[in-house]
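# Topology and contacts: notes
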Amino acid sequence: MAEEFSTLAEEIINYQKKHDMPDTALAFNLHISVERLHDIKSMESSPTTEEKKTIESFIR
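Bear in mind the structure is a predicted one, so any value in this text is a computation, not a measurement. (Residues numbered from 1 in each chain as written. Predicted model: local features only at pLDDT ≥ 70, side-chain atom pairs only at ≥ 80, totals over all residues. Heavy atoms only, no water.)

Here the focus is the pattern of salt bridges. Taken as a whole and assessed by the stated rule, the structure comprises four salt bridges. Among the salt bridges present, the one from K41 reaches D23, with a minimum N-O distance of 2.7 Å. Residue K41 is found in helix α3 (residues 34-41), and its partner D23 is found in helix α2 (residues 23-30); the two are separated by 18 residues along the sequence. The same class applies to K41 as to D23, namely buried. (Salt bridge = Lys/Arg side-chain N within 4 Å of Asp/Glu carboxyl O. Helix = DSSP H or I, 4+ residues; strand = E, 2+ residues; numbered from the N terminus. Buried < 20%, exposed > 50% of the residue type's maximum accessible area, 1.4 Å probe, protein only.)

Dropping the structure here:
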């Protein structure tokens, strides 16, 4: 799971760079808090199954 999570965090960061999207805008679009987004990006905690699906569908 850690490898998948690392890939997801990397995909989030790459999406933000490509679209010049700050954390606040991405969190708003994903309907999660900025703090939660930071936790996922920094791999402090794993996203729930629902969060992972939401993030993947938005950034892919």
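Right, let's get into α3. Of all the residues in α3, the buried ones are R36, L37, I40 and K41. Angular distribution of buried residues about the axis of α3 spans 135°; they occupy a single face of the element. Within two residues after α3, M43 carries a phi angle of roughly 60°, on the positive side. (Arc of directions from axis to C-beta.)

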